[in-house]
Amino acid sequence: MDPISIPSLANLVYARVACGTDHVLALTVHGTVYVWGNGQQAQLGRRIIERRKVNGLSPERLAIRRIVYVAAGNFHSFAISEKGVVYAWGLNNMRQTGVEDLEEGDEDIVWTPTEVASLNPAALGEGRRVVQISGGEHHSLFLLNDGSVYGCGRCDGFELGLPDDHPEILALEADASGNDSTSSTASTPRASCVAKPTLIPFPPPPTPSEPNPKLPPFKS
């Protein structure tokens, strides 16, 4: 089918568009965000009544303002404000939004745009802030302005690139095995997800003498 214009959005100018599996976020040059598509996993930032789910096909503006960036995973969404505050909403069954401290029983869905507290510039410190986000099906990656990368969500398929000696992996494997030991063994099941956005270590830059450097042991 040929592309067509959306009449309700025709008078706006856009800076960025992000698409999930079946939802869309459109960021205007004035910092407002419009969303439409499937909202059954709250990826539209509002509750969708099942019998009225077709209403999600009409673009609606989110309450958040002064946004400079939007991104989408398969069933979750992100926005970054001009002050560097990261908002997330949508499916959170593998903690892919990075939002913590939710009410018990409500952890699997983040219904409205909610700040990811651990990625606030004040929490990151040293003038650092998130500048880019990439969402997968059940995991998310966050690029900071200093070149470092944080990740959260599903990790049992090594989606986050965290090594086996990373404290988050060791802690979750200990919980899964019922063993408080900090050692990792081949028989210990790998943790399924990391709830808090966590710094991902990378190997050192390649050099002529070491073109393929290995990741060193984890250091806190």
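Residues numbered from 1 in each chain as written. Predicted model: local features only at pLDDT ≥ 70, side-chain atom pairs only at ≥ 80, totals over all residues. Heavy atoms only, no water.

Caption draft 1: Spotlight on the sheet that holds strand β6 (residues 76-81). With respect to topology, four strands assemble into an open sheet ordered β5-β6-β7-β8, the strand pairing being antiparallel. Edge positions in the sheet fall to β5 (67-72) and β8 (109-115), since each has one partner strand and no second. Between one strand axis and the next, the sheet turns by 10° as a mean value, whatever way the strands run. Pairing of β6 with strand β7 (residues 86-91), which is carried by five bridges, proceeds in the antiparallel orientation. Residue pairing in the sheet places H76 in a bridge with G90 of β7. (Pairing = 2+ DSSP bridges. Helix = DSSP H or I, 4+ residues; strand = E, 2+ residues; numbered from the N terminus. Axes fitted to C-alpha atoms, helices over the stretch in contact; angles between N-to-C directions.)

Caption draft 2: The arrangement of the sheet that holds strand β1 (residues 14-19) in detail. Spatial strand order, β1-β2-β3-β4: four strands in an open sheet with antiparallel pairing. Where the open sheet ends on each side, the last strands, each with one partner, are β1 and β4 (60-61).

Caption draft 3: Spatial organisation of the packing of aromatic side chains. Applying the stated criterion to the full structure yields one aromatic pair. Arranged with centres 5.5 Å apart and planes meeting at 90°, the rings of F78 and F142 form a pair that is edge-to-face. Of the two residues, F78 is situated in strand β6 and F142 in strand β10 (residues 139-144); the sequence distance between them amounts to 64 residues. Exposure remark for F78: the relative accessible area of 0% places this residue in the buried category. Note on F142: relative accessible area 0%, which makes it buried. (Phe/Tyr/Trp six-rings, centres within 6.5 Å; stacked < 30°, edge-to-face > 60°. Buried < 20%, exposed > 50% of the residue type's maximum accessible area, 1.4 Å probe, protein only.)

Caption draft 4: Focus on helix α2 (residues 167-177). Of all the positions in α2, only I169, L170, E173 and A174 are classed as buried. Looking down the long axis of α2, one finds its buried residues gathered within 130° of arc, a one-sided arrangement. Opposite the buried face of α2, at more than 90 degrees from it, the exposed residues are D175 and A176. Two residues or fewer after α2 comes G178, characterised by a positive phi angle close to 75°. (Arc of directions from axis to C-beta.)

Caption draft 5: Summary view of the nonpolar core. With 31 residues, the main nonpolar core has V33, V70, V86, V130, I133 and F142 as its most contacted residues. Among the secondary structure elements, those contributing two or more residues to this core are β2 (23-28), β3 (33-37), β5, β6, β7, β9 (130-135), β10 and β11 (149-154). If one sorts the elements of this core by residue count, β5 sits on top with five residues. Beyond its immediate stretch of four places on either side in the chain, V33 contacts L25, A26, L27, E60, R61, L62, I67 and V70. Ranked by size, the runner-up nonpolar core spans seven residues in total, among them V149, C155, I169 and I200. (Core = buried A, V, L, I, M, F, W, Y, C linked by side-chain atoms within 4.5 Å. Contact = heavy atoms within 4.5 Å.)

Caption draft 6: Representation of the confidence of the model for the chain. The share of residues in the chain with pLDDT of 70 or more is 90%, and the mean pLDDT across the chain is 88. Long-range and interchain partners of residues 181-189, a stretch whose pLDDT sits below 50, account for nine contacts in this model, where long-range means more than four residues apart. (pLDDT = per-residue confidence, 0-100.)

Caption draft 7: Quick look at the environment of T114. Topologically, T114 is positioned in strand β8. Overall, T114 belongs to the partly exposed group, its relative accessible area being 25%. Through-space distance from the C-alpha of T114 to that of V131 is 17 Å; in sequence the pair is 17 residues apart. With sequence-adjacent residues up to four places away left out, T114 is seen in contact with V86, Y87, A88 and V99.

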